[in-house]
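# A look at the structure
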Amino acid sequence: MSLHEQLLEASAYIKNASSHKAIRGVVVLGSGLGEFADTLPNADVIEYAKIPHFQTSTVQGHAGRLVIGEIAPGFPVACMQGRFHYYEGHGMNQVVFPLRVLRQLGAEFLLVTNAAGGIQPDLTPGTLMLIEDHLNLIGNNPLIGPNHEFLGSRFTDMTEAYSKTLREVALSVAAEHGMALKSGVYAGLSGPMYETPAEIRMLRTLGADAVGMSTVPEVIAANHMGIKVLGISCITNQAAGLSPHKLSHQEVMETAEHAKQRFVTLIQGTLLRLAAQPVLSSQVSS
Ligand code: HPA
């Protein structure tokens, strides 16, 4: 079956299972950050396992379901509680499949979140970081192979992979709530092991402020499809060699839990602003 046919089957299933017809955007919730979806009014919950051609998420802290609800009247968003990672053994096409399906259902923006290790000394555990740009160090990407013209063109511009307009919205929402929001460059590696201290020194030299194992594939696929991106990292730990102790998923989950309230406030405020302002219309650039 072609990718196009798979996307049609999956989007038809979601359309049928949800009362919200055209969605406006996608929110991907990273490790320990899934709770935002539980705050969405009028939500329909769809298990990934039931959606044709979706994989199942295997990581602890990722629920594996799609929650579609209205952040504001007439502004439905689809939240992914859990995502597919390359390190789980999924192919790149499988990692970005949900986003491509949600594009078929109308998504114009992607708000992508993750847990990340802080490399830049200011990025201490619990800090929220707006992703300004990324380094793709995964060693693969979802656009390799025949180009799917119905999704986008062969050579995707990545000059503003993370929309400046959306970043400004998030910064102003953070300021409004008196909340600190740093900015930085996210290095995406395949994982699943954390980095060595030597790798962290290398990443710092390369210009990375934070490091993680997700996000980059989705952001590449979003740019290919002309979807505007806003990326937010929750810094859950100091990167390897900067921290006095060893790294663990336990620490990542605990810090994400701690930052959860601020995180939900920032996401909610940003989505409400997007619902109220015409920043997503095709007339407005970036
Ligand atoms: N490295 C990579 N991925 C991560 C980290 C880290 O230190 N923390 C959370 N995700």
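Worth saying up front: this structure is predicted, and the values here are computed from it rather than measured.

Parameters at a glance
Residues numbered from 1 in each chain as written. Predicted model: local features only at pLDDT ≥ 70, side-chain atom pairs only at ≥ 80, totals over all residues. Heavy atoms only, no water. Phe/Tyr/Trp six-rings, centres within 6.5 Å; stacked < 30°, edge-to-face > 60°. Helix = DSSP H or I, 4+ residues; strand = E, 2+ residues; numbered from the N terminus. Buried < 20%, exposed > 50% of the residue type's maximum accessible area, 1.4 Å probe, protein only. Contact = heavy atoms within 4.5 Å. Near = heavy atom within 4 Å. Nonpolar A, V, L, I, M, F, W, Y, C, P; charged D, E, K, R; others polar. Pairing = 2+ DSSP bridges. Core = buried A, V, L, I, M, F, W, Y, C linked by side-chain atoms within 4.5 Å. Salt bridge = Lys/Arg side-chain N within 4 Å of Asp/Glu carboxyl O. Axes fitted to C-alpha atoms, helices over the stretch in contact; angles between N-to-C directions. Parallel < 35°, antiparallel > 145°, perpendicular 65-115°, else oblique. Left-handed = near helix turned anticlockwise from the far one by under 90°. Patch = residues over 30% accessible without salt bridge, like charges linked within 9 Å, V, L, I, M, F, W, Y side chains within 5 Å. Areas by Shrake-Rupley, 256 points an atom, 1.4 Å probe, with all protein chains shown as cover. Expected span 1.5 Å × (residues − 1). Arc of directions from axis to C-beta.

### Things to note about the packing of aromatic side chains
Scanning the entire structure with this criterion turns up five aromatic pairs. Taking 6.1 Å as the distance between ring centres and 15° as the angle between the ring planes, the aromatic pair formed by Phe75 and Phe109 counts as stacked. Residue Phe75 is found in strand β4 (residues 75-81), and its partner Phe109 is found in strand β5 (residues 109-118); the two are separated by 34 residues along the sequence. Here Phe75 falls in the buried class, since its relative accessible area comes to 3%. For Phe109, a relative accessible area of 1% corresponds to the buried category. Members of the aromatic cluster, connected to one another through ring pairs, are Tyr48, Phe54, Phe84 and Phe97.

### Brief notes about the environment of Ile51
Along the chain, the position of Ile51 falls in the loop between β2 (44-47) and β3 (65-72). For the pair Ile51 and Tyr162, spaced 111 residues apart in sequence, the C-alpha separation works out to 29 Å. Not counting chain neighbours up to four residues away, the residues in contact with Ile51 comprise Ala10, Tyr13, Ile14, Ile46 and Leu66.

### Side note on the site of the ligand
Taken together, the residues surrounding the ligand are Ala115, Ala116, Gly117, Tyr194, Glu195, Val211, Gly212, Met213, Thr236, Asn237, Leu247 and Val252. Every element with two or more residues in the shell around the ligand is listed here: β5, β8 (210-212) and β9 (228-238). Its residues assigned to classes, the shell around the ligand shows seven nonpolar, four polar and one charged.

### Some details on the pairing of β5
Within β5, ten of the ten residues are buried, which leaves the element mostly enclosed by the surrounding structure. Inspection of the sheet shows strand β1 (residues 25-29) paired to β5 by four bridges, in the parallel sense. By the bridge assignment for β5, Gly25 is matched with Phe109. Alignment of β5 against β9, held across ten bridges, turns out to be parallel. From the neighbouring strand, Gly117 faces β9, where its bridge partner is Asn237. In this structure, β5 lies alongside β8, joined through two bridges in antiparallel fashion.

### Describing the nonpolar core
With 47 residues, the main nonpolar core has Val26, Leu66 and Leu110 as its most contacted residues. Among residues more than four places away in sequence, those in contact with Val26 are Ala78, Met80, Leu99, Leu102, Ala107, Phe109, Leu110 and Leu111. Membership of the second largest hydrophobic core comes to 35 residues, among which are Leu29, Phe36, Cys79 and Leu111.

### Some remarks on the pattern of salt bridges
Counted under the stated rule, the structure contains seven salt bridges. Arg83 serves as the salt-bridge partner of Glu218, at 2.7 Å between the closest nitrogen and oxygen. Residue Glu218 is located in helix α5 (residues 216-224), and its partner Arg83 is located in the loop between β4 and α2 (92-104); the two are separated by 135 residues in the primary sequence. You can call Glu218 buried: its relative accessible area is 5%.

### Some words on the packing of α2 against α5
Between two packed helices, both the angle of their axes relative to each other and the distance between the axes serve to describe the pair. Contact pair α2 / α5: the axes reach a minimum separation of 9 Å and the direction vectors enclose 55°. With respect to each other, α2 and α5 are oriented oblique. Between α2 and α5 lies a crossing of right-handed hand. On the side of α2, the interface is formed by Met92, Val95, Val96, Leu99 and Arg100, while α5 contributes Pro217, Glu218, Ala221, Ala222 and His224.

### Looking at a nonpolar patch on the surface
On the surface, Leu137, Met202 and Leu206 cluster together into a nonpolar patch covering about 260 Å² of accessible area. Locating Leu206 in the fold gives a position in helix α4 (residues 197-206). Overall, Leu206 belongs to the partly exposed group, its relative accessible area being 46%.

### Some remarks on the pairing of β3
Judged by how many residues are buried, β3 sits mostly within the fold: six of eight residues are covered. Two elements, β2 and β3, share four bridges in a ladder whose sense is antiparallel. Across the sheet, Ile46 pairs through a bridge with Leu66, a residue of β3. In this structure, β3 lies alongside β4, joined through seven bridges in antiparallel fashion.

### Quick word on helix α1 (residues 3-17)
The end-to-end C-alpha distance of α1 is 21 Å, a good match for the 21 Å that 15 residues give at a rise of 1.5 Å each. Taken residue by residue, α1 has Leu3, Leu7, Ala10, Ser11 and Ile14 as its buried positions. Down the axis of α1, the sector holding all buried residues measures 95°, keeping them to one side. Each element contacted by the buried residues of α1 is listed here: β2, β3 and α2.

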